[in-house]
Amino acid sequence: MQITDIPASVHTRGAKSPVRHTVTLIPGDGVGPEIAAAVQRILAAAGAPLDWERCNAGATVFARGVASGVPQETLDSIRRTGLALKGPLETPVGHGGKSANVTLRKLFETYANVRPAREISGVETPYSGRGIDFVVVRENVEDLYAGIEHMQSPSVAQCLKIITRKGSEKIIRLAFELALAEGRTSVHCATKANIMKLTEGLFKRVFEEVARDYPSIRAQHIIVDNAAHQLALRPEQFEVIVTTNLNGDILSDLASGLVGGLGFAPSANLGTQAAIFEAVHGSAPDIAGRGIANPSGLLLSAVMMLRHLGHMDTARRVKNALLHVIEQGRVRTADFARGGVSAGTDAFTDAVIDALGKEPARMAGGEYSRLRLPSPGPQSMIEPKQREVTGADIFIESTLAPKVLGDSLAALAADSPLALSMISNRGTQVYPGETPATDCVDVYRCRFLTRDAGKAAGDAVLLALLAKVAASYHWMHVEKLQNFDNAPAYTRAQGED
Ligand code: NAP
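In this text the structure is predicted, and so the values were computed from the model without any measurement.

Criteria and thresholds
Residues numbered from 1 in each chain as written. Predicted model: local features only at pLDDT ≥ 70, side-chain atom pairs only at ≥ 80, totals over all residues. Heavy atoms only, no water. Phe/Tyr/Trp six-rings, centres within 6.5 Å; stacked < 30°, edge-to-face > 60°. Helix = DSSP H or I, 4+ residues; strand = E, 2+ residues; numbered from the N terminus. Buried < 20%, exposed > 50% of the residue type's maximum accessible area, 1.4 Å probe, protein only. Lys NZ or Arg CZ within 6 Å of the ring centre and 35° of its normal. Domains from an automatic or database assignment. Contact = heavy atoms within 4.5 Å. Buried area = accessible area lost by both parts, 1.4 Å probe. Salt bridge = Lys/Arg side-chain N within 4 Å of Asp/Glu carboxyl O. Polar contact = N/O pair within 3.5 Å; in protein donor to acceptor, adjacent residues only side chain to side chain. Nonpolar A, V, L, I, M, F, W, Y, C, P; charged D, E, K, R; others polar. Pairing = 2+ DSSP bridges. Axes fitted to C-alpha atoms, helices over the stretch in contact; angles between N-to-C directions. Near = heavy atom within 4 Å. Expected span 1.5 Å × (residues − 1). Core = buried A, V, L, I, M, F, W, Y, C linked by side-chain atoms within 4.5 Å. Patch = residues over 30% accessible without salt bridge, like charges linked within 9 Å, V, L, I, M, F, W, Y side chains within 5 Å. Areas by Shrake-Rupley, 256 points an atom, 1.4 Å probe, with all protein chains shown as cover.

(A) Region of the structure containing the packing of aromatic side chains. Tallied over the entire structure, the rule returns 5 aromatic pairs. Relative to Y214, the ring of F176 has its centre 4.9 Å away and its plane inclined at 10 degrees; by these criteria the two rings are stacked. Of this pair, F176 sits in helix α6 (residues 165-181) while Y214 sits in the loop between α7 (199-211) and β11 (218-223), placing them 38 residues apart in sequence. The class for F176 is buried, based on a relative accessible area of 0%. One aromatic cluster is present, built from ring pairs that chain together F176, F207 and Y214. The lysine or arginine in question, R138, covers the ring of Y145, its NZ or CZ lying 5.3 Å from the ring centre.

The following block contains the structure:
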């Protein structure tokens, strides 16, 4: 895997210094246009060398009948610029529309979601004064979000959790690169590898491999539930947390809550072809159009974008001006005025512009260098020296009792090179043996393994067995069981020896 600087050709226009960048601006829904206008004004006043291509996505686009919520002209613009600053997009509820946010993440393979959580002086929280300052780096396209779901029977649903070596390596390298770029000394990897040994376990193993390339950074694995516990108890111990998609979804919102809520939370969705920067909060329809929204989340996202482009000084100036205004506390939008006098979006924006060149007394913007993005190379794939198919799990829909089903399948396979090894229900072995406590449902996993342990099972053997099973039972899914380099590439059921 190579580490590359962001390709200049993607983002830059013109050869003179400072290099100007064209950014696709998606103001979005609800409060989006108000906070986007505020951010544009502040960036212009700070002299950020940006040109904007204004595009639509979200509610107005769904209303035009575009099922993805993102029209072709917006996709074309992001393809051209490689950069987007995005306001919140409403997701239609209850009438089948997809999330326009997820569409953008998937189409542009923005595999990294980066969410800093930093205490802001002047935003009071139960943790104020503890110096919270860490970043959650969340894998953004794999895991349960791959969206591969099936009803195995009318009453049993399944969702496939996809974790790949390639996807894990990209996000984990990015986390270490981010640690270097931000002068941080440790990276935690949060997984549930103790339970999901192959999926979350792969992420943990790749973390341990990649960590060897970054000897100056302390690398530590933490079980994700303990990470949540530690975040509530001692959040200041963390610097960078890298994790899988669902874990990261939850931990990053928890992180925002520790430092003042979603109104101040920025995020970056990074990929090798495009980077999309957005506030974490939604369209806040209850306050839309009233001129009272807080633009801080989107402004801090724009600061991340400036850093991503290498405009470190402008990024620092804008961030320090915002932190100065918040710390002074004289101009606050309603969401953090705590019942005191509150200012509207425009007045808050003016205050930040007036503060350009000033710094907060505490917690000024830190020193950052430009993040180098990992790009995948052929070494992400590994090929075992030896692989053999040793059997299959056949998933069967049946309301029979486990013993009745098991005896019947064992008899069906009597003359096959594959023998019934066990049956599980919801992951627990229910045959052979007695498991009176298991509350069975109508989907069984039936595991067949070669009778001769040293002998692989060819497709002809598997298909012949499947045909026999299919003559008597409703099967819906078959998974081959393989050994890679003599180690089983599948897990055992609870209770299976
Ligand atoms: P939300 O829009 O984040 O709003 C929750 C509450 O947070 C608001 O009612 C408001 O609280 C406050 N708030 C949020 N942003 C604010 C801001 N900039 N300034 C001041 N207060 C702010 O969450 P939601 O109501 O669950 O979602 C609304 C819509 O947004 C949904 O359609 C959802 O799908 C979408 N959404 C989009 C994104 C995205 O595009 N990335 C993310 C999340 C949700 P008060 O009641 O105190 O005014």
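We are not done yet, so read on.
(B) Just the domain arrangement of the protein, in detail. Taken domain by domain, the protein comprises domain 1 (3-374) and domain 2 (387-488). A straight line from the C-alpha centre of domain 1 to that of domain 2 covers 45 Å. Facing the 6 residues of domain 1 at the interface are 7 residues of domain 2. At the boundary of domain 1 with domain 2, total buried surface from both sides reaches about 460 Å², with 54% on carbon and sulfur atoms. Three residues, Q152, S153 and V156, lead the burial of domain 1 against domain 2; their summed loss comes to 76% of the area buried on that side. Between domain 1 and domain 2 we count 0 salt bridges in total. The interface formed by domain 1 and domain 2 holds 2 residue pairs in polar contact (both at pLDDT 80 or more) in total. Of all the secondary-structure elements, those providing two or more residues to the side of domain 1 that touches domain 2 are β8 (149-153) and β9 (156-159). Split into classes, the residues belonging to the side of domain 1 that touches domain 2 amount to 2 nonpolar, 4 polar and no charged.

(C) Geometry of unusual backbone geometry. Following Y431, the chain continues into P432 via a peptide bond in cis, with omega recorded as -5 degrees. Residue placement: P432 occurs in the loop between β18 (428-431) and β19 (443-450). Of note, A284 is a non-glycine position whose phi angle comes to about 40 degrees, a positive value. Topologically, A284 is positioned in the loop between β14 (275-279) and α10 (296-308).

(D) Quick peek at the sheet that holds strand β20 (residues 474-484). Pairing is antiparallel across the open sheet formed by 6 strands, whose spatial order is β18-β17-β19-β16-β20-β21. Looking at strand neighbours, the two that pair on one side only are β18 and β21 (487-488), the edges of this open sheet. Inspection of the sheet shows strand β17 (residues 418-425) paired to β18 by 3 bridges, in the antiparallel sense. By the bridge assignment, N425 is partnered in β18 with T428. Along the sheet face, helix α13 (residues 402-412) touches β16 (387-397), β17, β18 and β19 and points at about 165 degrees away from the line of β17.

(E) Layout of the pairing of strand β6 (residues 112-118). Taking burial as the measure, the 7 residues of β6 include 6 buried ones, the bulk of the element. The pairing of β6 with strand β7 (residues 133-139) spans 7 bridges and is antiparallel. When the sheet's bridge partners are listed, A112 is paired in β7 with E139. For β6 and strand β13 (residues 266-270), the ladder comprises 3 bridges, and the chain directions are antiparallel. Residue pairing in the sheet places A112 in a bridge with L270 of β13.

(F) Representation of the site of the ligand within the structure. Around the ligand sit 18 residues in total, of which L89, G282, A284, D286 and N294 are the nearest. One of the backbone nitrogen or oxygen atoms of G282 is found 2.6 Å away from an oxygen atom of the ligand. Within the backbone of N294, one N or O atom sits 2.9 Å away from a nitrogen atom of the ligand. In terms of residue class, the shell around the ligand is built from 7 nonpolar, 6 polar and 5 charged.

(G) Region of interest: helix α11 (residues 312-328). Compared with an ideal rise of 1.5 Å per residue, which puts 17 residues at 24 Å, α11 spans 24 Å between its outermost C-alpha atoms and is within 8% of the ideal. Counted residue by residue, α11 has 13 buried out of 17 residues, so it is predominantly covered. Downstream of α11 by one or two residues, G329 has phi in the positive range, about 75 degrees.

(H) The pattern of salt bridges, seen in detail. Counted under the stated rule, the structure contains 30 salt bridges. For R115, the salt bridge goes to D253, with nearest N and O atoms at 2.9 Å. Of the two residues, R115 is situated in strand β6 and D253 in helix α9 (residues 245-258); the sequence distance between them amounts to 138 residues. Across the pair K468 and D415 runs a salt bridge, and its minimum N-O distance is 2.7 Å. With K468 in helix α14 (residues 459-472) and D415 in the loop between α13 and β17, the pair connects residues that are 53 residues apart, well separated along the chain. Each member of the salt-bridge network shares a partner with another, and the members are R118, D133, E182 and R184.

(I) The arrangement of helix α5 (residues 100-107) in detail. Along α5, the residues classified as buried are A100, N101, T103, L104 and R105. Against β3 (20-26), α3 (59-63), α4 (72-81), β5 (83-86), β13 and β14 lie the buried residues of α5. Downstream of α5 by one or two residues, E109 has phi in the positive range, about 45 degrees.

(J) Summary view of the nonpolar core. In this structure, V242 and L270 are the most contacted members of the largest nonpolar core, which totals 72 residues. Ignoring sequence-local partners within four residues, the contact set of V242 consists of V137, I171, I172, A175, V187, H188, C189, A190, F203 and F207. Ranked by size, the runner-up nonpolar core spans 22 residues in total, among them I394, L418, L465 and L466.

(K) The pairing of strand β12 (residues 240-243), seen in detail. Residue alternation in β12 divides its side chains into two sets, V240 and V242 and I241 and T243, and both sets are buried. The pairing of β7 with β12 spans 4 bridges and is classified as parallel. Bridged to R138 within β12 is T243.

(L) A nonpolar patch on the surface, seen in detail. On the surface, I148, L160 and I162 cluster together into a nonpolar patch covering about 190 Å² of accessible area. The topology assignment puts I162 in the loop between β9 and α6.

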